[in-house]
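Now for the letters of each chain:
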Amino acid sequence: MPQRQYITTAIDYPNAAPHMGHVLEKVLADVVTRWKRLSRDAKKFPKAEDAVRFQIGTDEHGVKIQRTAEKEGVTPKELVDRNVPLFQDLYGRLQISYDAFVRTTDKKKHWPTVQALWEKLNAAGKLEKRSYTGLYCSGCERFMTKKDLEDGKCAIHKAAPEEVTEENYFFTLSKDAAWLKTLLTEGMKKGGYQIVPDFRANETLSLIEQGLEDVSFSRPKSSLAWGIPVPGDEDHVMYVWCDALTNYISGLDYFGAGGISEVARHERTGDVSRLGVEWWDDAEVTHVIGKDISRFHALIWPAMLKAAGVRTPDRLLIHGFLTSEGEKMSKSLGNVVVPQDVIEKYGVDPLRFYLSHEVPVGRDGDFSWERFEELYDSALRNKLGNLLNRVLILIQKEGGEIINIEKFKYGSDDMYWNPGKEWADNSTSYWKVYSEAFSEFKLNSALEIAVNLMVIGNGRIDDLKPWSLSGPDKIKMLSAFAELLRHISLMLLPFIPETAQRISRQLNVPYVEKMLEKDFVITDEMKQWGSQKKWKKVGEPEILFPKVE
RNA sequence: CGCGGGGUGGAGCAGCCUGGUAGCUCGCGAGGCUCAUAACCUCGAGGUCGCAGGUUCAAAUCCUGCCCCCGCAACCA
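What counts and what doesn't
- Counting from 1, residues in each chain are numbered in the order their sequence is written.
- Labels follow written order: the first chain is A, the first ligand is 1, and so on.
- Reporting in this predicted model follows two pLDDT cut-offs: at least 70 for local features of residues, and 80 or more for side-chain atom pairs to be given and counted; totals over whole chains, interfaces and linings ignore these cut-offs and use all residues.
- Excluded from the side-chain calculations are hydrogens and water; all other atoms, namely the structure's heavy atoms, are used.
- The criterion is simple. A nonpolar core is a set of buried Ala, Val, Leu, Ile, Met, Phe, Trp, Tyr and Cys residues joined through side-chain atoms within 4.5 Å.
- Between buried and exposed lies partly exposed: a residue is buried under 20% and exposed over 50% of the maximum accessible area for its type, with that area taken using a 1.4 Å probe on protein chains only.
- Only runs of H or I of at least four residues qualify as helices and only runs of E of at least two qualify as strands under DSSP, and these elements are numbered from the N terminus.
- Salt bridges are identified by distance alone: a Lys or Arg side-chain nitrogen within 4 Å of an Asp or Glu carboxyl oxygen.
- Criterion used throughout: strands pair if DSSP finds at least two bridges between them.
- For helices, the fitted axis covers only the stretch in contact; all axes are lines through C-alpha atoms, and the angles between them, taken along N-to-C directions, range from 0 to 180 degrees.
- Note on contacts: a residue pair qualifies if any of its non-hydrogen atoms lie within 4.5 Å across the two residues.

> I keep staring at the nonpolar core and nothing clicks. Help me out?
The nonpolar side chains of a soluble globular protein tend to be buried, and buried together. Counting 101 residues, the largest nonpolar core has Leu 351 and Leu 492 as the members making the most contacts within it. Counting residues per element, this core draws most heavily on helix α14 (residues 369–397), which supplies twelve residues. Grouped together as the second largest cluster of nonpolar side chains are 54 residues, Phe 217, Ile 249, Ala 298 and Trp 301 included.

Structure representation (structure tokens):
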């Protein structure tokens with residue numbers, strides 16, 4: 001992974017408080033990001049911030065915000081200013097390690113970038129002003145889609161919508177079908193725009209086969225006031241796509257339109273900012289999004305960039321949705337799970353663990369309290385916490401000293417005295433499988449490897465009964481178990497960073513205090529069995545995860 | 001014939017591409033152990049792999065048809 005990595009999530013719509021779906025996406029992206037930082041080439045990138053940039057944000061315009069604000073008797077700006085911190089606070093608590101947060105109401109960088117992009121699209125002849133006719137419900141004050149209608153009537157107002165014609169700027173996506181097909185087909189091999197998981201790529205390709213329609217990119221100001229004005233046409237405001245998608249480059253002030261000092265224009269590219277060159281032109285770009293907006297990211301976004309003469313992203317990582325107790329989360333069903341409730345009851349890491357463990361990237365997952373408790377008890381409390389506890393207590397009973405397991409000689413009965421031998425022989429392959437799982441974005445598989453090591457550890461302790469030994473033999477054997485836990489802790493680091501550090505602190509490994517620093521790297525040495533020569537003593541055992549009633 | 005995903009012991013999944021004793025996690029039952037957070041370990045019960053055909057010495061795995069569930073179908077993470 002020699003290249004810089006730029007990772008983004010979709011920007012959230014803050015018309016209400018954040019829910020579990022928002023959290024899922026951020027956690028997945030954060031785990032990926034943390035792994036990229038932890039596994040970077042430290043010689044090339046001593047500082048993590050030079051190797052990885054992780055951006056999230058909020059999409060604050062649109063009719064829905066406008067209407068929610070009216071309902072609550074505040075201005076749209078007041079509404080978003082009140083709600084956006086809810087997202088930021090929650091993500092802060094969840095240890096989402098983002099480097100940048102873009103708000104689409106930001107007029108310093110976002111607006112100018114969006115307007116610059118619009119102008120480029122316009123100059124390229126990709127925007128056409130046309131009249132658009134649709135079914136408009138005056139009660140809802142918006143155009144209806146087929147889904148909104150019941151027997152041809154608005155489901156809320158029980159009235160037939162009227163045909164209304166208005167002027168829109170259209171983005172001529174229909175003309176990009178052939179080019180997009182090539183881009184995505186190449187992406188399935190390499191060099192194009194890769195969609196993960198690949199069945200989503202097939203899905204998108206078949207969408208192209210069905211034919212692409214032009215996309216409405218603007219609304220008359222009369223029907224949408226809360227948005228970015230169309231340059232050169234005061235009567236029109238941009239519709240979501242040009243505004244929201246552009247956040248991925250506006251956070252870099254890509255066109256240097258913000259004119260602020262940190263983005264001194266780059267001599268090579270003329271009008272591209274320094275950040276734009278570093279994190280877009282010369283980086284590997286990964287967008288993490290939900291399946292609902294895949295087509296916009298897979299089709300419209302690259303087509304926009306191409307028209308503007310900007311390179312296309314490298315990868316689209318699409319996650320599924322989270323159901324609740326087996327059903328779609330919805331207010332009417334009353335099964336909406338509030339992230340804060342989970343955090344309060346169990347803590348941040350159990351939630352991060354659950355989401356990483358239960359929701360394979362790409363597929364839908366389910367949140368159920370029952371399953372949550374099950375996983376909390378079985379994996380975190382019983383397997384992990386108990387393994388740590390029993391090993392540490394046994395060592396403490398012998399005075400807390402451990403020996404460097406690399407020092408003992410392997411003899412004929414070595415498997416008995418040094419249970420670590422079999423892991424030592426395999427530690428490289430464990431780490432290899434783990435890394436490979438990450439490179440394929442199979443996060444749950446990577447996590448599973450750590451869990452498997454816990455199971456192996458517990459099994460071996462029972463086989464070997466270290467408590468029945470005494471003296472140096474006992475210490476030898478226990479030292480190997482401590483070493484196993486050190487590896488487990490490192491593997492857990494991208495997923496549940498705080499817990500990983502707590503484990504290492506109880507183990508008292510030398511690098512423990514640096515583990516949560518952004519610049520920390522899991523070195524090849526750390527992955528090696530018995531590599532921590534300075535590690536001589538373990539710390540005091542503590543309960544890692546208490547029983548929750 | 002709109003598109004896509006899926007149907008494997010009680011639950012959730014892997015296996016299917018590259019046919020050859022049906023595997024994992026959780027739950028359940030019985031035993032064991034006692035270092036540990038009533039934890040941990042072992043063994044066991046439980047499946048005609050959606051249905052029906054076909055190919056083959058052999059199919060969960062390949063082919064054909066059908067049934068059922070779930071998403072998406074243009075602006076809901």
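Let's pick the thread back up.
> How should I be thinking about unusual backbone geometry in this particular structure?
Backbone geometry follows two general trends: most residues other than glycine have a negative phi, and most peptide bonds adopt the trans configuration. One non-glycine residue with positive phi stands out, namely Phe 441, at about 65°. Within the secondary structure layout, Phe 441 lies in the loop between α16 (420–439) and α17 (443–464). A relative accessible area of 5% places Phe 441 in the buried class. Although it is not a glycine, Asn 508 adopts a positive phi angle of roughly 70°. By secondary structure assignment, the location of Asn 508 is in the loop between α19 (497–507) and α20 (524–527).

> Before we go on, may I ask you to explain the pattern of salt bridges in this structure?
Opposite charge on two side chains permits pairing when their charged atoms draw close. In total, this model carries 32 salt bridges according to the counting rule given. Between Asp 81 and Lys 77 there is a salt bridge whose closest N-O contact spans 3.3 Å. In this pair, Asp 81 and Lys 77 are both assigned in helix α4 (residues 76–93), four residues apart and thus about one turn of the helix distant. Its relative accessible area of 33% is what places Asp 81 among the partly exposed residues. Linking Lys 442 and Glu 440 is a salt bridge whose minimum nitrogen-to-oxygen distance equals 3.1 Å. Looking at Lys 442, the relative accessible area reads 42%, which means it is partly exposed. Where salt bridges share partners, they join Glu 60, Lys 77, Asp 81 and Arg 103 into one cluster.

> Looking at this model, I keep getting lost on the pairing of strand β1 (residues 4–9). Mind explaining?
Consecutive residues of a regular strand have side chains that alternate between opposite faces of the sheet. The buried fraction of β1 is high, at five of six residues. Two elements, β1 and strand β13 (residues 283–290), share six bridges in a ladder whose sense is parallel. The residue of β13 that forms the bridge with Arg 4 is Ala 283. Relative to strand β2 (residues 52–58), β1 is paired through four bridges, and the arrangement is parallel. Bridging from a neighbouring strand, Thr 8 pairs with Gln 55 of β2.

> Explain the sheet that holds β13 here, please?
To summarise the sheet geometry, strands pair through backbone hydrogen bonds and adopt either a parallel or an antiparallel arrangement. Overall, parallel pairing links the six strands, which are arranged β3-β2-β1-β13-β14-β9 in an open sheet. Strands with a single pairing partner mark the edges of an open sheet, and in this sheet they are β3 (100–103) and β9 (194–196). On average, adjacent strands in this sheet sit at an angle of 20° to one another, irrespective of strand direction. Relative to β3, β2 runs parallel, the two being bridged by four bridges. If you follow Gly 57 over to β3, its bridge partner there is Val 102. Helix α1 (residues 20–38) contacts β1, β2, β13 and β14 (315–319) of the sheet and is inclined by roughly 165° relative to β2.

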